[in-house]
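# Residue-level structural notes
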Protein chains: 2
Amino acid sequence: MTRTAAIIGTGVIGAGWAARFLLNGWNVTVFDPDPEAIRKTAAVLEAARRALPMLYDTALPPEGSLTHCATISEAVEGADWIQESVPERLALKRKVYQTVQEHCRADAVIASSTSGFKPSDIQGCATRPEQILVAHPFNPVYLLPLVELVATDKNPPESVARAADTLTGLGMFPLRVRAEIDAHIADRFLEAVWREALWMIQDDIATTQEIDNAIRYGFGLRWAQMGLFETYRIAGGEAGMRHFIEQFGPCLSWPWTRLMDVPDLTPDLIDKIADQSDAQSGALSIRELERKRDDNLVAILRALKTRDAAAGARIKTHEATLWPERTATPAPLITVRRTVPIDWTDYNGHMNESRYGQVFSDAADDVMIRIGADADYIARGLSYFTVDIHIQFRAETHAGQMIHVETRVLESAGKKLRLAHRMLAEDGTLLAEAEQLLIHVSLKTRRACEPAPEVAARAAALAKATGES
Amino acid sequence: MTRTAAIIGTGVIGAGWAARFLLNGWNVTVFDPDPEAIRKTAAVLEAARRALPMLYDTALPPEGSLTHCATISEAVEGADWIQESVPERLALKRKVYQTVQEHCRADAVIASSTSGFKPSDIQGCATRPEQILVAHPFNPVYLLPLVELVATDKNPPESVARAADTLTGLGMFPLRVRAEIDAHIADRFLEAVWREALWMIQDDIATTQEIDNAIRYGFGLRWAQMGLFETYRIAGGEAGMRHFIEQFGPCLSWPWTRLMDVPDLTPDLIDKIADQSDAQSGALSIRELERKRDDNLVAILRALKTRDAAAGARIKTHEATLWPERTATPAPLITVRRTVPIDWTDYNGHMNESRYGQVFSDAADDVMIRIGADADYIARGLSYFTVDIHIQFRAETHAGQMIHVETRVLESAGKKLRLAHRMLAEDGTLLAEAEQLLIHVSLKTRRACEPAPEVAARAAALAKATGES
């Protein structure tokens, strides 16, 4: 049954929550006294509808219904999840919870988006404090996975676990913050950086742009994939985290910043950090972590390059200096259903021709799973390789467009598997056709071989069902 | 003429510099008294050789020569650039500069990788302080573009500008730090975050892993592309930066962190920040900035997804819950020369078949430039679209492999352009062949039309030169 989320307060954060729930198939009711609430929510929802589906290589569930309500009581009645994102005033939040609890189900989750208050603050003198907790997200809520989940002793552990499951089901990463602390975890870092930035600007050390460049061309790229400690663990070189702290820890007592209150680096604290880092990352050697970091950075930087943005734009500028001289005379089975993502478009503004090939490759992967030539099969050392594909491009395809592929198995005799694909727009327009020949191979010898009998049987059955010629 | 960089000190940073210079075609001499220096440098260089070329869609210049030297004097003699990356002890650095200046060219740049010292500290009582400055890079030096460039009044502005040009030529982003300040800019932020992290760990608020997750699933993704102020500018919504500061600035006086020394948010300071943010980002509306941010985040997250890493792994897990049920019964012209990047490999461990298509699409783009159907031509509303491609896969191709494409123009009559491509490994192994038909189109009518005469003439000439059949 479709679940319902009630969104109380539809600023940037509340509207982002509404989008996250709706696009994951929940029905959503919203309440905000702002007369502009409908327009503002629609704007956030439009951005989310465009971006979120692009993260996935298959379609999201059908969108839920959105209902703007005139009162809190109307919005929360019968809701499974109530998300409060009203301004950061404790008295206001407590008043909202009082009204919410008068009308909501006793088993509903009431989650606050507060970035500053502790859950015991907001539970306050509520009728049923056990159903109130903190679920603090990050802007844009519809794209960033992090949500800090903070509870108190009054919240039954099993209901906190259920709340975490719900957030995971929305594609988020619920970080269980174990200690109640003002501003939770992430915002304390943001606060420290923000304060340092304010000093630098006040003292004319750097401008906003210089500060942003110092972040996005450097440690920002590291933090998008590993965070602080795993990065430093690598910086410690082969000797790891302990070496890093011993080498760089003492710098903390230098007069580097205006903020001087520093914990003593006692042997106990050093042990604690090193042990935690071991538990977190010790399964991989420094070399393996470094390889992982580099691979991630390559992928992130290439992604930024396709957008001509930040560090990626720098790479493009540099690359322009590297090209050689180019003178003119020298020498229906539906196997895919998805949105075309932004990074698939080319300079003509339409889907790059190679991505048609990717869509047909994905279609063949779907057939592989259907006939049992799946990850387990590959682990057994068997797979199909494409040896030939012929693609005919029929119409342009654009980012954000929903597409699907119809596939027929034309031939499944022995080592051969011949597929015919048709890529279609939502309105049925034919976008491209392909005929693809795959050969069954042994991944050990890298040579053709007969498929396993059960795979051959399922391929034959699929050929029969989809119209073998 | 090939330039030479002398690297003094080959720890993680120095060896990273050596790799950056070498892979950009410089000759490199290195000196480090560590008996392990050769092995350690080789390890960093191996990682750099694997990763850096993957950032580019064309080949890097031929690698320079690497020479390990027994003395500083031998290393720096005749060098154009001397990069010092010895341990952070001022007396040691000054002693190194003394030796360096006894043997190096007077017009060489002597750059220090110091993360803490000001350039006037390290110039100290040097013979020629004017040739010494700070060029502080970030690990991994061969991938991250940021380098903080800090000079003093003693450095002639034109030589600082030349140093910046040299760094840009290495694919880096030289950030001119205008004020001499301990730890420059970026490390002050790292320091603030590090200190806050140490408190959290000491107080048992969070573990290293929880802290890393709080960073990489949230603001780390924002900072990889926009940094702090442009992100907050968006968070202010339609009212922008000023609104953000007015709304969130007061929170700074809350007892959020253990670090309490906070500048007064005077109207002057607010004006200053808002004005700087306007100068930096005011050319784009909040909606446009938001769109840009979302597109960048989509691209970064998709990149992390191909690596099954950090936030990308979360998306994959979530996506697994979204798939529908799949039951069993329903004359050589070289147009491309490049390394296969890590994000082009599939689950079989070889280059995904769609990327063969991308390589051939890139080969056709190269032909477009050669015949004058380039960006300017597209701006005039004319282009070629691929209507048909037939790819035959001959051999597996792997990440890190150098590939190239030989292209022939088979036919260039009227609206038609027919190309034949052969993708080859470095040793000449044939990896794939393709025949591709392009049709000349008007981008206004989206229909076929005759190419401009000069384009037709260049296409015909290229067909003649490459062996029209």
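Structure report, in brief. (Residues numbered from 1 in each chain as written. Chains lettered and ligands numbered in written order. Predicted model: local features only at pLDDT ≥ 70, side-chain atom pairs only at ≥ 80, totals over all residues.)

## Looking at the nonpolar core
Note the following rule: Definition of nonpolar core: a set of buried Ala, Val, Leu, Ile, Met, Phe, Trp, Tyr and Cys residues joined via C-beta atoms within 7 Å. To sort residues by exposure, count the other C-beta atoms lying within 10 Å of each residue's C-beta; 20 or more gives buried, 12 or fewer gives exposed, and values between give partly exposed, all with C-beta atoms placed from the backbone. Any residue pair is listed as a contact if its two C-beta atoms, each placed from the backbone, are within 7 Å.
If you look at the biggest cluster of nonpolar residues, it comprises 204 residues, and the most contacted ones within it are I82 and I300 of chain A together with I82 and I300 of chain B. If sequence neighbours within four positions are ignored, I300 of chain A has contacts with L221, A224 and Q225 of chain A together with A224, I300, A303 and L304 of chain B. In this structure, I403 and L419 of chain A together with Y384 and I391 of chain B belong to the second largest nonpolar core, which totals 68 residues.

## Here's the deal with the packing of helix 8 (residues 208–223) of chain A against helix 8 (residues 208–223) of chain B
Note the following rule: Axes here refer to lines fitted to C-alpha atoms; in helices the fit is confined to the stretch in contact. Angles between the N-to-C directions go from 0 to 180 degrees. Segments assigned H or I by DSSP are reported as helices when at least four residues long, segments assigned E as strands when at least two residues long, and all are numbered from the N terminus. Oblique is the label for any angle not covered by the other classes, which are roughly parallel (under 35 degrees), roughly antiparallel (over 145) and roughly perpendicular (65 to 115). Left-handed describes a crossing in which the near helix is turned anticlockwise from the far one by less than a right angle; the clockwise case is right-handed. Classification used: nonpolar for Ala, Val, Leu, Ile, Met, Phe, Trp, Tyr, Cys and Pro, charged for Asp, Glu, Lys and Arg, polar for all others including Gly.
Running from amino to carboxyl end, helix 8 of chain A crosses helix 8 of chain B at an angle of 160°, the nearest separation of the two axes being 8 Å. One element, helix 8 of chain A, and the other, helix 8 of chain B, form an angle in the roughly antiparallel class. The two elements helix 8 of chain A and helix 8 of chain B meet at a crossing, and its hand is left-handed. Listed contacts from helix 8 of chain B to I215, R216, G220 and W223 of chain A of helix 8 of chain A are I215, R216, G220 and W223 of chain B. Broken down by class, the residue content of the contact of helix 8 of chain A with helix 8 of chain B amounts to four nonpolar, two polar and two charged.

## Focus on the relation of the copies chain B and chain A
As a reminder, the rule being used: The copies were overlaid with a least-squares fit restricted to C-alpha atoms from residues scoring a pLDDT of at least 70 in each copy.
Of the transformation superimposing chain B on chain A, the axial component is 0.0 Å and the angular component is 180°, with the fit at an RMSD of 0.2 Å. Read as a symmetry element, the transformation amounts to a two-fold axis. Relative to the rotation axis, the closest C-alpha in chain B is found at H390 of chain B, a distance of 2.0 Å. Mapped onto chain A, 97% of the interface residues of chain B are again interface residues, and the two copies thus contact each other with one and the same surface.

## Things to note about the sheet that holds strand 3 (residues 66–68) of chain A
All names here are of chain A. As a reminder, the rule being used: Here, strands pair whenever DSSP counts at least two bridges between them.
Across the sheet, eight strands lie side by side as 3-2-1-4-5-6-7-8; this open sheet has mixed pairing. Looking at the sheet topology across the chains shown, the edges are occupied by strand 3 and strand 8 (173–176). For this sheet, the mean angle separating the axes of adjacent strands, direction not counted, is 25°. One ladder, built from four bridges, connects strand 4 (residues 81–84) with strand 5 (residues 109–112); its direction is parallel. Note that in strand 5 the partner of E84 across the bridge is S112.

## Notes on helix 6 (residues 157–169) of chain A
Residue and element names in this part refer to chain A. To keep it simple, the criterion reads: Working rule for helices: expected span equals 1.5 Å times residues minus one. This arc corresponds to the set of directions leading from the helix axis out to the C-beta atoms.
Taking 1.5 Å per residue, 13 residues should reach 18 Å; helix 6 reaches 18 Å between its end C-alpha atoms and fits that length. Within helix 6, burial applies to A163, T166 and L167. Around the axis of helix 6, the buried residues are gathered within 95° of arc, so they sit on the same side. In helix 6, the exposed positions angled more than 90 degrees off the buried face are occupied by P157, E158 and D165. Packed against the buried residues of helix 6 are strand 4, strand 5, strand 6 (132–137), strand 7 (146–150) and strand 8. Among the residues trailing helix 6, G171 stands out with phi positive, at a value near 80°.

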